[in-house]
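Residues per chain are reported as follows:
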Amino acid sequence: MTDERRPMLQAKGISKFFPGTVALDNVDLTLHGGEIHALLGENGAGKSTLIKCLTGVYRRDSGRVLLQGKEVDPTLTHHSQRLGIGTVYQEVNLLPNLTVAENLYLGRQPMRGPFVDRRRMNTQARDTLRDYGIQIDPAQPLSTYSVAVQQVVAIARAVEMSGKVLILDEPTASLDHEEVQLLFSVIRRLKDRRLAVVFITHFLDQVFDICDSATVLRNGQVVGRVDLATTSRNDVITLMLGRQLAAQVRAPKPKAGGNTLLQIEGLQKTGMLNRFDLSLNEGEVVGLAGLLGSGRTETANLIFGAVKADQGKLTFRGKEIQLRNPRDAVAQGFALCPEDRKTDGIVGELSVRDNIILALQARQGWMRKVRRKKIEAIAEHYVRTLDIRLANLDMPIRLLSGGNQQKALLARWLATDPNFLILDEPTRGIDIGAHAEIIALIGRLQQDGMALLVASSEMEELVAYSNRVIVLRDRTQVKELVGEEITSDNIIRAIAADPQVEAAV
Amino acid sequence: MTRNAFLRRITPQLIILAIVLGLNVLVFPDFFDVEMKNGRLFGNLIDVLNRGAPTALLCLGMTLVIATKGIDLSVGAVMAIAGATAASLVVEGNHWLVAVLGALSVGALCGLWNGFLVAFLRIQPIVATLVLMVAGRGIAQLITEGTILTFLDPGLIHLGAGTVLGVPTPVLIWLTLGLFVAVFVRRTALGMLIEAIGINEASSRLAGINSRVLLVCVYVVSGIGAAIAGVIVAADIQGADANNAGLWLELDAILAVVIGGNSLLGGRFSIVASLLGAMIIQSVNSLILLSGMPPEFNLIIKALLIIAILVIQSPKVGHLLYILRASAPQPHPKQLPPLKENLR
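What you see is a predicted model; the values in this text were computed from it and never measured. Within any chain, residue numbers begin from 1 and follow the written order of that chain's sequence. For naming, the first written chain is A and the first written ligand is 1, with later ones following in the order written. Thresholds applied to this predicted model are a pLDDT of at least 70 for local features of residues and 80 or more for the giving and counting of side-chain atom pairs; totals over whole chains, interfaces and linings are not thresholded and use all residues.

Draft legend 1. Molecular detail of the overall build of chain A. Starting at the N terminus, helices and strands are each numbered in turn, a helix being any DSSP run of H or I of at least four residues and a strand any DSSP run of E of at least two. Across its full length, chain A carries 18 helices and 22 strands. The C-alpha atoms of chain A give a radius of gyration of 25 Å, which matches the 23 Å a tight globule of 505 residues would have. In this scheme every C-beta is placed from the backbone, and a residue whose C-beta has 20 or more other C-beta atoms within 10 Å is buried, one with 12 or fewer is exposed, and one in between is partly exposed. Counting across all 505 residues of chain A, residues that qualify as buried make up 48%. Nonlocal contacts in chain A, meaning residues at least 24 apart in sequence, comprise 69% of its contacts between residues at least 6 apart. With C-alpha atoms as the basis for the radius of gyration, the globule rule is written as 2.2 Å multiplied by the number of residues raised to the power 0.38. For the purpose of contact definition, each residue receives a C-beta atom placed from its backbone, and two residues are in contact when these atoms lie within 7 Å.

Draft legend 2. Molecular detail of the overall build of chain B. Secondary structure summary: chain B contains 15 helices and 6 strands in total. Radius of gyration (C-alpha) of chain B: 22 Å, near the 20 Å computed for a compact globule of 344 residues. Dimensions of chain B along its principal axes, counting C-alpha atoms only, are 75 × 50 × 35 Å. Among the 344 residues that make up chain B, the fraction classed as buried is 49%. Sequence-distant contacts, at least 24 apart, represent 78% of the contacts inside chain B between residues at least 6 apart.

Draft legend 3. Expanded view of the sheet that holds strand β21 (residues 468–473) of chain A. Residue and element names in this part refer to chain A. A pair of strands is considered paired only if DSSP assigns at least 2 bridges between the two. Pairing within the open sheet is mixed, and its 6 strands lie in the order β18-β19-β20-β15-β21-β22. A strand with exactly one partner marks an edge of an open sheet, and here the two such strands are β18 (334–337) and β22 (476–482). Recorded for the sheet is a direction-independent mean angle of 15 degrees between the axes of neighbouring strands. Of the strand pairs in this sheet, strand β15 (residues 285–289) and strand β20 (residues 451–455) are connected by 4 bridges, and their pairing is parallel. Looking at β20, one finds that Leu288 is bridged to Ala455. Those strands touched by helix α18 (residues 488–495) are β15, β21 and β22, and its axis lies near 25 degrees from that of β21. Fitted lines through C-alpha atoms serve as axes, helices being fitted only where they are in contact, and the angles separating the N-to-C directions of these axes extend from 0 to 180 degrees.

Draft legend 4. Highlighting the domain arrangement of chain A. The domain boundaries assigned to chain A delineate domain 1 (9–97 + 141–242) and domain 2 (246–495). Relative to domain 2 of chain A, the C-alpha centre of domain 1 of chain A lies at a distance of 32 Å. These domain boundaries are the output of an automatic or database domain assignment.

Draft legend 5. A look at the packing of helix α5 (residues 147–161) of chain A against helix α6 (residues 177–192) of chain A. Residue and element names in this part refer to chain A. Closest axis-to-axis distance for the α5/α6 pair is 9 Å, and the angle between their directions is 15 degrees. When the axes of α5 and α6 are compared, the pair comes out roughly parallel. For the element pair α5 and α6, the recorded crossing hand is right-handed. Judged by residue contacts, Ala148, Gln151, Val152, Ile155 and Val159 of α5 engage Glu179, Leu182, Leu183, Val186 and Leu190 from α6. Under this scheme an angle from 65 to 115 degrees is roughly perpendicular, one under 35 degrees roughly parallel, and one over 145 degrees roughly antiparallel; angles in between are oblique. Handedness of a helix crossing follows the sense of rotation of the near helix relative to the far helix, less than a right angle counterclockwise being left-handed and clockwise being right-handed.

Draft legend 6. Region of the structure containing the interface of chain A and chain B. Listed as interface residues are 36 residues of chain A and, on the opposing side, 32 residues of chain B. Every element with two or more residues in the side of chain A that touches chain B is listed here: α11 (326–331), α12 (341–345), α13 (352–364) and α14 (372–385) of chain A. Basically, the charged four are Asp, Glu, Lys and Arg, the nonpolar ten are Ala, Val, Leu, Ile, Met, Phe, Trp, Tyr, Cys and Pro, and anything else, Gly included, counts as polar. Taken together, the residues that form the side of chain A that touches chain B break down as 17 nonpolar, 7 polar and 12 charged.

Draft legend 7. Layout of unusual backbone geometry. Phi at Arg122 of chain B takes a positive value of approximately 60 degrees, unusual for a residue other than glycine. Along the polypeptide, Arg122 of chain B turns up in the loop between α5 (96–119) and α6 (125–144).

Draft legend 8. Fine view of the sheet that holds strand β5 (residues 70–72) of chain A. Residue and element names in this part refer to chain A. Sheet architecture is open: 4 strands sit in the order β2-β1-β4-β5, paired in antiparallel fashion. The open sheet terminates on both sides in strands that have one partner only, identified here as β2 (21–31) and β5. Each neighbouring strand pair of the sheet contributes to a mean axis angle of 30 degrees, computed without reference to strand direction.

Draft legend 9. Layout of the nonpolar core. Buried Ala, Val, Leu, Ile, Met, Phe, Trp, Tyr and Cys residues form a nonpolar core when they are connected through C-beta atoms within 7 Å. Formed by 191 residues in total, the largest nonpolar core has its most connected members in Ala86, Leu193 and Val231 of chain B. No other element matches the 18 residues that helix α11 (residues 211–237) of chain B contributes to this core. Filtering out sequence-adjacent residues up to four positions away, Ala86 of chain B remains in contact with Ala99, Val100, Gly102, Ala103, Leu156, Val231 and Ala234 of chain B. Within the second largest apolar cluster, 66 residues are counted, among which are Ile14, Val153, Leu190 and Ala196 of chain A.

Draft legend 10. Spatial organisation of helix α13 (residues 271–291) of chain B. All names here are of chain B. Relative to the 30 Å expected for 21 residues at 1.5 Å per residue, α13 spans 30 Å between its end C-alpha atoms, a close match to the ideal helical length. Burial of α13 is extensive: 18 of the 21 residues sit out of reach of the surface. Looking at the residues trailing α13, positive phi occurs at Gly292, about 75 degrees. Helix span, expected: 1.5 Å multiplied by one less than the number of residues in the helix.

Draft legend 11. Just the pairing of strand β13 (residues 260–269) of chain A, in detail. Residues and elements named next belong to chain A. Here β13 runs beside strand β14 (residues 273–281); their pairing, made up of 6 bridges, is antiparallel. Bridge pairing links Leu262 to Leu280 in β14. Here β13 pairs with strand β16 (residues 311–316) via 5 bridges, running antiparallel. Bridge pairing links Leu262 to Phe316 in β16.

Draft legend 12. How the structure looks around the pairing of strand β12 (residues 221–227) of chain A. Residues and elements named next belong to chain A. Pairing between strand β11 (residues 213–218) and β12: 6 bridges, direction antiparallel. Looking at β12, one finds that Leu217 is bridged to Val222. As consecutive antiparallel partners, β11 and β12 are separated by 2 residues, and within that stretch Asn219 has a phi angle of approximately 50 degrees, a positive value.

Draft legend 13. Layout of the environment of Gly191 of chain B. Residues and elements named next belong to chain B. Inspection of the secondary structure assignment puts Gly191 in helix α9 (residues 190–199). Exposure remark for Gly191: the 24 C-beta atoms within 10 Å place this residue in the buried category. As for Gly191 and Trp113, which are separated by 78 residues in sequence, their C-alpha atoms are 22 Å apart. Once you skip the residues sitting within four places of it in the chain, Gly191 turns out to touch Val185 and Arg186.

Draft legend 14. Looking closely at the confidence of the model for chain B. Residue and element names in this part refer to chain B. The predictor attaches a confidence to each residue, called pLDDT, with possible values from 0 through 100. Counting all residues, the mean pLDDT for chain B is 88, and 92% of those residues have values of 70 or more. Mean pLDDT in chain B bottoms out at helix α15 (residues 315–325), which sits at 70, and peaks at α5, which reaches 97. Counted against residues more than four places away or in other chains, residues 327–337, with its pLDDT under 50, gives 10 contacts. Low pLDDT, under 50, characterises residues 340–344; the stretch is placed with 5 contacts to residues that sit more than four places away or in other chains. The ipTM assigned to the predicted complex is 0.81, against a pTM of 0.75.

Draft legend 15. Spatial organisation of the packing of α5 of chain B against α11 of chain B. All names here are of chain B. Closest axis-to-axis distance for the α5/α11 pair is 7 Å, and the angle between their directions is 145 degrees. Of the two elements, α5 crosses α11, and the hand of that crossing is right-handed. Residues belonging to the contact of α5 with α11 are distributed by class as follows: 20 nonpolar, 7 polar and 1 charged.

Draft legend 16. Structural context of the environment of Ile264 of chain A. For Ile264 of chain A, the location among the structural elements is in strand β13. Separated by 48 residues in the primary sequence, Ile264 of chain A and Gly312 of chain A place their C-alpha atoms 7.2 Å from one another.

Draft legend 17. Quick look at the environment of Gly13 of chain A. Residues and elements named next belong to chain A. When you line up the elements, Gly13 lands in strand β1 (residues 9–18). The class of Gly13 is partly exposed, set by 13 C-beta atoms lying within 10 Å. Other than its neighbours up to four places away in sequence, Gly13 contacts Asn26, Asp28, Ser62, Gly63 and Arg64.

The following block contains the structure:
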């Protein structure tokens, strides 16, 4: 692409260990000026760990980082900023209550004597932002502008401070189509300014739209560095997933044939979910598809009583039930593995054993403690059957890897012997091995007669295990696919009936 | 917790206590002498146990509150209120048992108030309990009508100054209650559930734990503990002093919990370790008294002590120890056993 001078940034043999896992294993990354480079990989592949090692959030355990040929070893984020590596995260990490100009110049304001020279700061800010293609009043608080504009301000700040390497960590996750285009135009300008840009996203369309090359990570290792102009989308997906997921788990789905277990009529809450109806049989797996923000998680939370619904009638085994909180749901034999394991799932400092027993104990009440023998039996049973890898049951659950944490959470709920299991993104952020195991587990639970509702953004996965798939768009139930209709294409078509939507992979 | 894990948990506190007691012996060789005079045990060790009673009683509830990621600043003031209540009830001619029950009820009520603010109105614990910390002394003064309310009821005085089989009553009270609470929270699931809501309330709620009720409970326990401490202090001096009873004692109680190795960020707790912490504080007080050092040193030595303990218990040191101890992952069977297996 350019006169192949020395690369802007070169990372060689980076390794990072966490207790019990190898997060990065001898990873190489090369970035050239004037090139937009995508960092691809499933959740938990090591993308963010790599970024954190480059920017000094984590200390790498081995390896070298060369910036324009000079070895650097940033230990703090502001070191790396001064060295020339700027980072912009998905969540804008600016101060919304300060003005745009203040955000842009925080820590290096133009001064007149001991005072901040506001007029000069505002003029400079306006000029700078014009270079990025946005014309706004920099004296207004940042919060008055859209997330996209805030992203651009964050990028401008990172570039003005650093100016050699810009790392964008899922910058488009919360943006709509127009806003993405605005962001892309800014990124292309930076390319012209010969910055090296790292772009991390889950939207493959965007990768092929804007990036020149890509490094693909899997399980902490680099599995390929590709030139995107000459690589097909399928090849990239194959690299990311390792093997074609669909092929290996396309086992015959057991027929859903049981009695009606749960009937949901008109479940809704303003701003979260429009009317939702579902009738669920024993031994049936219903998939919940839709993009981020389409209402998948909200549906799960409303059914479980984690959020109180405005309206809706739930009939469980022919009897109408009221769920005011998760406790009521647990009492009925419901279970929910939440999307965000860390904040809503695990109790990090407690031992794996306590975490597994938690829901059963909560249901029994604090007076009736589960007997120690039974606790051991349950914990060991699930460690064995779910193949949870751990040093011992006394270790805090936060030290387990993502996949093992997820399995422990599944164990927590399976221990309550639920009739109805809701899984919200059960395979997010876990390694590929655990991924396949959890999908296999869903099949086994179904055969045992459990009803499952699985919300997932992975089409292939939904196709593999669902008897029915409900598609959500804009917090509304838009389509129900049954039997042979369930294919990735059909799901994507249903999601994308609205032209604005980019197909997520 | 197995016996080994329990011993390992309280080892740092035992070592520190041993060191401080050893220092006591250095400055006062007869420190461990205990003798029976007029049917009462006398000795410096007995004094430590006796004088440490209020802090020990406070740190029972405080440990549970802190385990939920909270803090209870009001316990000193609740002591004053409870002391004043008990005193005014016996002065009005009620039986001392009625007075004690009244004081305990008032303590429980104070805890209920704190718990309501924290669990239902979601006010930060430090602010919520600050309300009663400030207002409490005013309430106590209203009850005593601004005077130090003295009483001569032998039954009530016995709780603070009397003995049972030669042992000072306060010692028996805190040992019994401490043992009871320590065993109770572990025999029931209360301890684990409290730890769970302290570490991650959102997860706990989703797991079906009634976190609000548990939160209110721990503040009520704290209030009752404070009330008992307040009655003991009042009985000891045969009067309720609204201004000075339990003054700054909430800080000693928090310190005892911290010395007990319990994190202020909530989570895992040990009642026994907190009680050892309370005894460590009292032993330091005794050390300074016996050595003839000016009492100003008390605070500095306390500070040094905390620093030493915090260093030992810092997560960095802990992480290092964990890595040293952690074994390699166990081999796992390739073939998964069937999932359905009757466990009940």
